[in-house]
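# Fold and contact review
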Amino acid sequence: MKVSLFITCLCDMFSSDVGKDTVEILERVGCEVDFPETQTCCGQPAYNSGYLTDAKESMKQMMKAFRFSDYVVGPSGSCVGMLKEYPKLFENDLVWRDEAKRLADKSYEVTQFLVDVLGVVDVGSTFKGKITYHPSCHMTRILGVKDAPMTLLKHVEGADLTELPAKEDCCGFGGTFAVKNSMISGEMVKEKAAHVSETGADYLVGGDMGCLLNIGGRMRREGKHVKVAHITEILNQH
Amino acid sequence: MTIMNRESFLNNVTANLHRPRRTEGVERPEWSVQPQDEVLSGLSQDELVDVLEKHCAVIHTEFKRTDRTGLAAVLKETVEGYAGKTIVASSDPRNADYGLHDFYQSIQDDGLEVHLWDEKEGKGNQAVAERADVGITFSDITLAESGTVTLFNNKYNGRAISLMPRNYIAIIPKSTIVPRLTQATKQIHEANEAGNDVASCVSFVSGPSNSADIEMNLIVGVHGPVEVTYIVVDD
Amino acid sequence: MSIKLGDASYEERVQEGVQNEFMRQAVASAQGRFRSGKQKQADKLGNWEDWRTLGEEIRTHTLENIDYYLQLLSDNVSKRGGNVFFAQTAEEANDYIQHVIKEKNAQKVVKSKSMVTEEIGMNEALEEVGADVVESDLGEWILQLDEDPPSHIVAPAVHKNKEQVKETFTEKKGYNQSSQPEELASFAREQLRQEFLSADVGITGCNFAVAESGAVTLVTNEGNARMATTIPDTQISVMGMERVVPTYEELDILVSLLTRAAVGQDLTSYVTSITGTRLEGETDGPEDYHLVIVDNGRSKILGTEFQSALHCIRCAACINVCPVYRHVGGHAYGSVYPGPIGAVLTPLLDGYEDHKELPYASSLCGACTEACPVKIPLHEQLIRHREIIVEQEKMTPRSERLAMKGFAKWGSSPAAYKMSTAMARSAMKPWTKDETVANGPGPLKGWTVNRDFPAPAKQTFRSWFKERQKGGES
């Protein structure tokens, strides 16, 4: 199966390991992975800030970049969730309407792709450590992926999973929200970090880089030793 | 009575909807789902009584069960439990069927004051309700799911009886019990469609009044009754 | 009072909220209770999503035909002896209510909790004509005595503790007992009972009005709405025009959704459905009844992408799950309608000028949308507001607009994108120490007050992938 990786701008810049892990996992389960070089950003920072016209410039570039892909798979519930919104945003645009729908229909978040498309629940990873998982808001509520990440984590040999209290609460990232409303965002991430500490986990795992930058940044500021890991990092240990 | 400013108001509403004004011919669509019909469906009357009893614990309401012959004794015991000296009750046509005239006479003979709602006394009714310790009415439709007695308030059954005294007793003929609000509203809707005007006040009462306005602490008994007893009567 | 509360700026209000430790704890614990109550109800039913679907369908149909249903409602109220006044604006509504009060020569008005009367500033209007207005909902009474606005649409005094309540009662009403909630409530019962008995006029809001019969339905736990509709001879109900339902059958669904979503109860202690005046032979209930139907900006929302905001049944489920609300409290919104629904409705009803920050007071986490019992896409509507603020109202700062223009260029040009991601690390170097930015420049400043920011990675993904491909090829 041929899969195009959608790296997302955050992973591209801040955590290239997530991309590497995603590629290796997909290859291990039998996919052929390519990387369309002309991809940029899904447009969410501008879209969520109200700059729809500016956001659409980036969105069009994404549609062009993935025009010839069979499947588009990315390590982010939020960014893939954004791609899924394109059809609504280009509903009245005769030029881009069909392209928007095609991209949305073939795009998947990586755990969603593994579990729901490939039917893989065990990627053969082994990981020693106490893990707690933060389900990101956009992964669960916008994209609607609620179970796939936990399904995969439960099959990781040796992983000790512990539930994060109030896990459904937002960490306060929210893209430009963290900058524009930094005081409120700061209070939200303090609360999230406290919940993470309560679990006594060694690793905080998530499926969205934005949340992980935010929570990880707070844990680091507090001098906490909890390591922050993208889910693909755990799934690629073997 | 008068309706003021309606035309300009509704014409403006219509203009915003970008279509001609609709004054007739609007039908409710068939809804895609009807989950309300599934709740407690297929339960027997006795099973509904059990549901009601269980829910009484949730809504801080005393539950008692008896039959017509035992009703007077249960009422007496309940009134005594409330240390009731003044009773206000509906002059419900069912009072005769359930032997309540005799009951009220007997407690009057014992020295209690009993006032049956009487339209001729006008506001005097409310004055008695205000100083009464106990209010007693029948339930017209009883909702098992929520532990609710439905009262069609009218000239026999004043609104104040179930509201102003500190204690309230609802007599619930078993046959009035239905699964939930759905059956009650359906009944009212159908009566309305058949041209029977709905009561000026329909009160759905589920246990004593309460509030959680101070630090989210549940306080039972605020403006309405503080204590409530339901007596289910096998009829 | 009107929709807008106070003159403090958004930043000041947020800061005040964040610094109010007691309030934040109280709000967090209230949210916890409301949420678990609602969840229990959803679990008990097992098909909550079907209930939401039905709620949404009913609200959609009703709003699409609202002219028809309001006409039917008003005809039926009139048939049952009530007067109906259609008020386009808050002023018209208040003028009419003042007129009724003056005509009755009313000295005392007793009120049950109503958001729409807060919205139109009715209490102040009545005080202008010399009427003594008494709030009878326990929470609202506490706030009235303390001259403090509500901070939650279901639990208005959620931000106050019992010591504060005791102090208020002591100062304003000569209370001399403890701060036990039971004793405080019992005192309120005695005091307010006297107010009910001496009131000339009762004023209520309206949770739902049934078009087929003209019944105005009130959903309460305390019983104050029953008192206000039982004792005074004159009654006025004030309703937002969208609060109409076709028949009793839809009333069933919406009341069930409201009590479950709001407080996790199957039904509240009292659901009271009042139709017109008292009938012949009846001795309680009003002999003179008025229904005031208020537009006050609602009709402008019809026919727009925000129409579904009018589906709101004021249950506060969105407020109870909102993490922003939890940390700043209701007053930070500067509106009688706080939380996510407030952030959507307030600019629609009262314009962007005073409320342009509200649509941004959300991380767009979508918890509100998921919680809404009538499926209002709240977080999406917040984004629509932001688009209007940016593209139509042009209210955002020039620096932000330029940055977003830059974003558009960056995102639409693979070459520019590639170059900037490759250079990000060196660009951030002056602020980087141990792979961390602890005190960031420009827009990162706010971020780094509370948390670190990572330095961009040594190698971007795309350069790694390229190298790997080359390696594979050779």
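One can find the structure itself at the top, above this paragraph.
Definitions and limits used
Residues numbered from 1 in each chain as written. Chains lettered and ligands numbered in written order. Predicted model: local features only at pLDDT ≥ 70, side-chain atom pairs only at ≥ 80, totals over all residues. Helix = DSSP H or I, 4+ residues; strand = E, 2+ residues; numbered from the N terminus. Buried ≥ 20, exposed ≤ 12 C-beta atoms within 10 Å, placed from the backbone. Contact = placed C-beta atoms within 7 Å. Nonpolar A, V, L, I, M, F, W, Y, C, P; charged D, E, K, R; others polar. Pairing = 2+ DSSP bridges. Axes fitted to C-alpha atoms, helices over the stretch in contact; angles between N-to-C directions. Left-handed = near helix turned anticlockwise from the far one by under 90°. Core = buried A, V, L, I, M, F, W, Y, C linked by C-beta atoms within 7 Å. Parallel < 35°, antiparallel > 145°, perpendicular 65-115°, else oblique.

What follows concerns the overall build of chain B. Counting secondary structure elements, chain B contains 7 helices and 13 strands. The C-alpha extent of chain B, read off along each of the three principal axes, is 70 × 45 × 45 Å. Within chain B, buried positions represent 49% of all 235 residues.

The helix and strand tally for chain C stands at 21 helices and 13 strands. Considering only C-alpha atoms, chain C reaches an extent of 100 × 55 × 45 Å along its principal axes. Taking the intrachain contacts of chain C between residues at least 6 apart in sequence as the baseline, contacts between residues at least 24 apart amount to 73%.

As a further point, take the interface of chain B and chain C. In many analyses, interface size is given as the accessible surface area lost on bringing the parts together. Taken together, the contact pairs 70 residues of chain B with 82 residues of chain C. Listed by contribution, the elements that provide at least two residues to the side of chain B that touches chain C are strand S1 (3–4), helix H1 (6–16), helix H6 (124–131), helix H7 (181–193), strand S10 (201–205) and strand S11 (210–211) of chain B. Its residues assigned to classes, the side of chain B that touches chain C shows 27 nonpolar, 30 polar and 13 charged. Direction of pairing for S1(B) relative to strand S1 (residues 82–87) of chain C: parallel, over a ladder of 2 bridges. When the bridges of S1(C) are listed, Ile3(B) appears paired with Val84(C).

Further remarks concern the sheet that holds strand S5 (residues 208–210) of chain C. The 8 strands lie next to each other as S9(B)-S6(B)-S7(B)-S10(B)-S9(C)-S6(C)-S5(C)-S8(C), forming an open sheet whose pairing is mixed. Two strands close off the open sheet at either side, each with one partner strand: strand S9 (177–178) of chain B together with strand S8 (244–245) of chain C.

Next up on the list: the packing of helix H9 (residues 162–173) of chain C against helix H10 (residues 181–198) of chain C. Residues and elements named next belong to chain C. Their axes nearest at 10 Å, the elements H9 and H10 cross at an angle of 35°. Crossing handedness for the pair H9 and H10: left-handed. Contact with H9, carried on its side by Lys162, Val165, Lys166, Phe169 and Lys173, involves Pro181, Leu184, Phe187 and Gln191 of H10 and no other residues of that element. For the contact of H9 with H10, a count of residues per class yields 5 nonpolar, 1 polar and 3 charged.

Another point: the environment of Ser185(A). As for its position among the elements, Ser185(A) is in helix H11 (residues 182–199). Here the alpha-carbon distance between Ser185(A) and Gly172(A), two residues 13 residues apart in the chain, equals 4.5 Å.

With that settled, consider the nonpolar core. Residue and element names in this part refer to chain C. In terms of nonpolar packing, the biggest core is built from 284 residues, with Val109, Val292 and Cys318 touching the most fellow members. Ranked by residue count, the leading element in this core is helix H12 (residues 248–263), at 10 residues. Once you skip the residues sitting within four places of it in the chain, Cys318 turns out to touch Gly339, Pro340, Ile341, Cys368, Ala371, Cys372 and Leu378.

Counting buried residues along S10(B), 5 of its 5 residues qualify, which places the element largely inside the surrounding structure. Across the two faces of S10(B) the burial is the same, with Cys201(B), Ser203(B) and Val205(B) and Val202(B) and Phe204(B) all buried. Sheet topology places S10(B) next to strand S9 (residues 270–275) of chain C; 5 bridges connect them, and they run antiparallel. Looking at the pairing, Phe204(B) lines up with Val271(C) of S9(C).

Further remarks concern the pairing of strand S8 (residues 167–173) of chain B. Residue and element names in this part refer to chain B. In terms of burial, S8 is largely enclosed, as 6 of its 7 residues are buried. Both strand S5 (residues 134–138) and S8 contribute to a ladder of 5 bridges, which runs parallel. Across the sheet, Gly135 pairs through a bridge with Tyr168, a residue of S8. Bridge analysis of S8 against strand S13 (residues 227–234) gives 7 bridges, and the strand direction is parallel.

All names here are of chain C. Running from amino to carboxyl end, helix H18 (residues 398–412) crosses helix H19 (residues 414–428) at an angle of 105°, the nearest separation of the two axes being 5 Å. Considering their axes alone, H18 and H19 lie roughly perpendicular with respect to each other. Touching Lys409, Trp410 and Gly411 of H18 are Ala416, Tyr417 and Ser420, all from H19. Tallied by class, the residues present in the contact of H18 with H19 amount to 3 nonpolar, 2 polar and 1 charged.

Listed by partner, the interface residues are 49 residues for chain C and 56 residues for chain A. Residue classes in the side of chain C that touches chain A are distributed as 29 nonpolar, 12 polar and 8 charged.

Residue and element names in this part refer to chain C. Pairing is antiparallel in the open sheet, where 3 strands are placed in the order S11-S12-S13. Each edge of the open sheet is held by one strand with a lone partner, namely strand S11 (432–433) and strand S13 (453–454). As paired elements, strand S12 (residues 436–437) and S13 share 2 bridges and run antiparallel to each other. Counted as the bridge partner of Thr436 is Pro454 from S13.

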